[in-house]
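Topology and contacts: notes
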Amino acid sequence: MLGLAAVLAEPYKVLYVLHTPRGGSDPGRYESPALNRAEVEAFFRRFKAFFAGDARHDVWLHSGPDNATVIWDRHDLVYAYGSLNRLEVALEHSGLKPGERPEVPVPHTHHYHAEWDAAEREVVQAFDWRVTPLRKEDEQVAWA
């Protein structure tokens with residue numbers, strides 16, 4: 001996310017979509033205030049292991065001036081919208097290549113680890129978030 005943010009103009013907004021809370025936080029779409037590059041870098045560095053190690057959330061980064069959005073979802077997939085030429089260069093520099101969406105097995109499991117419950121609470125306290133309800137597409141699907 002930091003490599004992608006580096007090629008996008010600030011200010012940014014982060015959208016933290018907490019769809020499966022287990023640390024005592026409320027589910028919802030947590031939208032940050034406008035952030036500068038240093039604030040975004042500090043946020044992603046602080047919570048990097050949590051975002052990578054747990055599937056209770058999706059994290060979005062939006063650049064207003066570029067009208068570009070990068071999404072890191074619960075399946076460890078990254079989606080990019082807007083400013084695609086710059087984002088593709090940043091992805092390739094990181095060793096990744098743009099391509100078609102890989103198939104996520106159905107059914108599959110997500111892991112929500114107790115050791116990350118405190119990090120969940122820290123994320124929702126990190127900013128003066130504007131919190132809105134989850135959208136239908138945010139919610140986890142239970143498989144029978």
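See the structure shown above.
Residues numbered from 1 in each chain as written. Predicted model: local features only at pLDDT ≥ 70, side-chain atom pairs only at ≥ 80, totals over all residues. Heavy atoms only, no water.

1. A short note on the overall build of the protein chain
Counting its regular elements, the protein chain contains four helices and six strands. Put simply, the protein chain runs from its N terminus to its C terminus through helices and strands in the order α-β-β-α-β-β-β-α-α-β. The buried share of the protein chain, reckoned over its 144 residues, is 40%. Within the protein chain, contacts between residues at least 6 apart in sequence are counted, and of these 69% link residues at least 24 apart. Split by element, the accessible area of the protein chain, about 8,400 Å² in all, is 53% carbon and sulfur. (Helix = DSSP H or I, 4+ residues; strand = E, 2+ residues; numbered from the N terminus. Buried < 20%, exposed > 50% of the residue type's maximum accessible area, 1.4 Å probe, protein only. Contact = heavy atoms within 4.5 Å. Areas by Shrake-Rupley, 256 points an atom, 1.4 Å probe, with all protein chains shown as cover.)

2. Re the sheet that holds strand S6 (residues 130-132)
Spatially, the six strands line up as an open sheet ordered S5-S4-S3-S1-S2-S6, and their pairing is antiparallel. The open sheet is flanked by strand S5 (78-81) and S6, the only strands paired with a single partner. Neighbour-to-neighbour, the strand axes of the sheet open up by a mean angle of 15°, direction not taken into account. Across four bridges, strand S1 (residues 12-18) lies against strand S2 (residues 28-31) in antiparallel orientation. (Pairing = 2+ DSSP bridges. Axes fitted to C-alpha atoms, helices over the stretch in contact; angles between N-to-C directions.)

3. Here's the deal with helix H3 (residues 84-93)
Three- or four-residue spacings in an α-helix give side chains the same orientation, since the helix completes a turn every 3.6 residues. Taken residue by residue, H3 has Leu87, Ala90 and Leu91 as its buried positions. For H3, the angular spread of the buried residues around the axis is 100°, confining them to a single face. Facing away from the buried side of H3, by more than 90 degrees, are the exposed residues Asn85, Val89 and His93. Contacts from the buried residues of H3 go to helix H1 (2-5), strand S4 (68-72) and S5. Looking one or two residues beyond H3, the residue adopting positive phi is Gly95, at roughly 90°. (Arc of directions from axis to C-beta.)

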